[in-house]
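Overview (structure and organization)
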Amino acid sequence: MDTKLDEIGKELISVIERFLQVVREKNMSGKPAINFTTDIYDDLEIDSLEAMDLMAEIEKDFNISVNAEELMAKRKVGEIADYISKIKLSKS
Amino acid sequence: MTRRVVVTGMGVLAPNGKGIQAFTDAIFAGKSGIGPITRFDPSTLDIKIAAEVKNFDAADYMPIAVVRKTDRFAQFGVAAAKMALDDAHLAEGNNDLAKAAVIIGSGLGGLNFHEEMMFTLLETSNPKKVAASSVPRISPNAVSAYIALQYKIKGPNQVISTACSSSAQAIGEAFHKVRNGKVDIAITGGVEATISLVNMALYQAMMVLGTPVDGNLETASRPFDKTRNGFVMGEGAACLVLEEMNHALTRGATIYAEVAGFGSNCGAYHMVAPDPTGEDAKEAMQEALNDAELRVEDIDYISAHGTSTKFNDLAETKAIKSLAGKRAFDIPVSSIKSMIGHTIGASGALQAVAGCLSVTHNCIPPTINLYNPDEECDLDYVPNKARKKDVNVVMSNSFGFGSNNASLVFIKPPKKT
């Protein structure tokens, strides 16, 4: 994996963790471990409304505009990082 | 045979105590929960005091996945329901709990998040910045829905919103649902998370909020005192588990009190002001007594709505006198709002819990900050110090904007045989 994508992935994971407020979880067994293969819907139990809120966070954090339909079709953290990286590449 | 309804679990988040034990200690010690506003910067307000629930971490009571999707008011409800269900030893998976009713009172719903989104929109001038998940956070029935979701409770699920009488109405409806055989168990009570900039500004504008005397913030709420000048905004929640008596006895549940009567009406007098004669409030109290098949002579304690406004406390005093005649002067009447402020839609539920605790402990919580008698408020308001007394019958009053009146009657449960 290239360094750029790796960096974006790490930042994305921190955005998701902040969004999910995982640091506040008291039940440690319920604390999700997020990596590139994590499915944000199945593994993190993010619902469709929350996914839209998360999308807004991603736009803000990475300073990009995403296509909602395209982004919502991505399920895994790695796929989303890849999508963000492509948008950032097309901007530069 | 008439089904009887008992209270088998209670949970409370009050400004002067979280949990039943802390709340019990606080109300009988006359402990105030009023202080400076800390939830936001109140510097632009004239009124900078409130009764806040301190050190509440929603994650102590529910998964973080629920915490992040909910407004403070719904979190209060889920937390209080958890405490009440734990107290009643009812857990998810219990077949009867799965069929229970959830009926909660809230006057204002998810106003904190609503406000946050309004500010976001104002600051950005971009409607797209409003969170997609806003509506289910703000909706008043988020509270009853999340309680049901957490415990998989599939019976009737309602939120009743009648301003300051919301939770008394909710408890009354839940009581009748159990008594009428619709359900064997009901989770009921009330919630309100009122301490936000806009909400404080709204009530400040109505000029209904009280101010302290001599700089002591805790004196701002002084029901029935001659110098009273308004209520203190409070936040909180209380939940009660109501259960058909035989159902409770069969499973060996601890019983706090029996719910015996409920009366409710609308005085159709004014949207905000109480009818100064108190006759509508009296009718609600009389109906609750009739429902309980009790007489005025049976009342040991009246837990007053007692907001600390000029008009409410006077009208309520008149209502009690109209109901009880000469005996009114022999009935202890007190207002826990002197300690916890006015928690709006949660106030009836907090009073209900306090009423049940009175029955359990044979003790009457005081009206604190009552040092200057008002000639027109001339009943026994249990000033400043709790009173030990046999308490078999408690009447609890809640009166809301819109001339909305509700009274509940709690009695000592039958002795175990």
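Above this note sits the structure.
Notes on the structure follow. If you're wondering where the values come from, they're calculated on a predicted model, not measured in any experiment. (Residues numbered from 1 in each chain as written. Chains lettered and ligands numbered in written order. Predicted model: local features only at pLDDT ≥ 70, side-chain atom pairs only at ≥ 80, totals over all residues. Heavy atoms only, no water.)

A word on the environment of B:Ala101
Residues and elements named next belong to chain B. Within the element layout of this structure, alanine 101 appears in strand 5 (residues 101-105). Note on alanine 101: relative accessible area 0%, which makes it buried. Each C-alpha atom, one on alanine 101 and one on isoleucine 153, is 7.4 Å from the other, the two residues being 52 residues apart in sequence. Ignoring any residue separated from it by four or fewer positions in sequence, one finds alanine 101 in contact with Pro156, Lys177, Val183, Ile185, Ala186 and Ile187. (Helix = DSSP H or I, 4+ residues; strand = E, 2+ residues; numbered from the N terminus. Buried < 20%, exposed > 50% of the residue type's maximum accessible area, 1.4 Å probe, protein only. Contact = heavy atoms within 4.5 Å.)

Quick notes on the interface of chain A and chain B
Contact with chain A, which involves 14 residues of that partner, is made by 14 residues of chain B. Together chain A and chain B conceal approximately 1,200 Å² of surface at their shared face, both sides included; 47% is due to carbon and sulfur atoms. A per-residue breakdown of the area chain A buries against chain B is headed by A:Arg24, A:Lys26 and A:Asp53, which together make up 40% of the total. Along the contact surface separating chain A from chain B lie three salt bridges. A:Glu50 serves as the salt-bridge partner of B:Arg68, at 2.7 Å between the closest nitrogen and oxygen. Applying the counting rule to chain A against chain B returns four residue pairs in polar contact (both at pLDDT 80 or more). A per-element tally of the side of chain A that touches chain B places helix 2 (residues 48-62) of chain A first, with four residues. (Buried area = accessible area lost by both parts, 1.4 Å probe. Salt bridge = Lys/Arg side-chain N within 4 Å of Asp/Glu carboxyl O. Polar contact = N/O pair within 3.5 Å; in protein donor to acceptor, adjacent residues only side chain to side chain.)

Description of helix 11 (residues 279-291) of chain B
If you check helix 11 of chain B, its first and last C-alpha atoms are 18 Å apart, about what 13 residues at 1.5 Å a residue would give, namely 18 Å. B:Glu293 sits one or two residues past helix 11 of chain B and shows a positive phi near 55 degrees. (Expected span 1.5 Å × (residues − 1).)

Describing empty space enclosed by the protein
All names here are of chain A. Counted according to the given criterion, the structure contains one cavity of 30 Å³ or more. Quantified by volume, the largest cavity comes out at close to 70 Å³. Around the largest cavity, the lining residues are Ile40, Tyr41, Ala51, Leu54, Met55, Ile58, Leu71, Met72, Lys74 and Ile80. For the lining of the largest cavity, the secondary structure elements donating two or more residues are helix 2 and helix 3 (68-73). In terms of residue count, helix 2 provides more of the lining of the largest cavity than any other element does, four residues in total. For the lining of the largest cavity, the per-class residue count stands at nine nonpolar, no polar and one charged. (1 Å grid on protein atoms, 1.4 Å probe; cavity = no way out; pocket = protein on both sides within 12 Å on 5 of 7 lines; lining within 4 Å. Points joined across faces, edges and corners; volume = space filled by probe spheres on them. Nonpolar A, V, L, I, M, F, W, Y, C, P; charged D, E, K, R; others polar.)

Considering the pattern of salt bridges
Any two side chains of opposite charge can pair, given that their charged atoms come close. Residues and elements named next belong to chain B. Going through the model one piece at a time under the given rule, you end up with 24 salt bridges over all chains. Between lysine 321 and aspartate 378 there is a salt bridge, and its shortest N-O distance comes to 2.7 Å. Here aspartate 378 lies in the loop between strand 12 (363-364) and strand 13 (387-388) and lysine 321 lies in helix 12 (residues 310-324), a separation of 57 residues in the sequence. Here lysine 321 falls in the partly exposed class, since its relative accessible area comes to 26%. Since its relative accessible area comes to 34%, aspartate 378 is described here as partly exposed. Aspartate 380 is the salt-bridge partner of arginine 387, the closest N and O atoms lying 2.6 Å from each other.

Observations concerning the packing of aromatic side chains
Residue and element names in this part refer to chain B. Scanning the model with the defined rule gives four aromatic pairs over all chains in all. Taking 5.7 Å as the distance between ring centres and 15 degrees as the angle between the ring planes, the aromatic pair formed by phenylalanine 56 and tyrosine 61 counts as stacked. Neither residue differs from the other here; phenylalanine 56 and tyrosine 61 are each classed as buried. Look at phenylalanine 224 and tyrosine 381: their rings are 4.0 Å apart centre to centre, the planes differ by 10 degrees, and that puts the pair in the stacked class. Residue phenylalanine 224 is located in the loop between helix 9 (197-205) and strand 8 (236-244), and its partner tyrosine 381 is located in the loop between strand 12 and strand 13; the two are separated by 157 residues in the primary sequence. (Phe/Tyr/Trp six-rings, centres within 6.5 Å; stacked < 30°, edge-to-face > 60°.)

Some details on the nonpolar core
With 49 residues, the main nonpolar core has B:Met10, B:Phe23, B:Leu240, B:Leu242 and B:Leu350 as its most contacted residues. By residue number, the principal contributor to this core is helix 14 (residues 347-361) of chain B, which donates eight residues. (Core = buried A, V, L, I, M, F, W, Y, C linked by side-chain atoms within 4.5 Å.)

A closer look at unusual backbone geometry
Residues and elements named next belong to chain B. One non-glycine residue, aspartate 214, lies in the positive phi region at around 55 degrees. With respect to the helices and strands, aspartate 214 occurs in the loop between helix 9 and strand 8. The backbone of serine 403 shows a phi angle near 55 degrees, a positive value even though the residue is not glycine. In this structure serine 403 comes out as buried when scored by relative accessible area, which is 6%.

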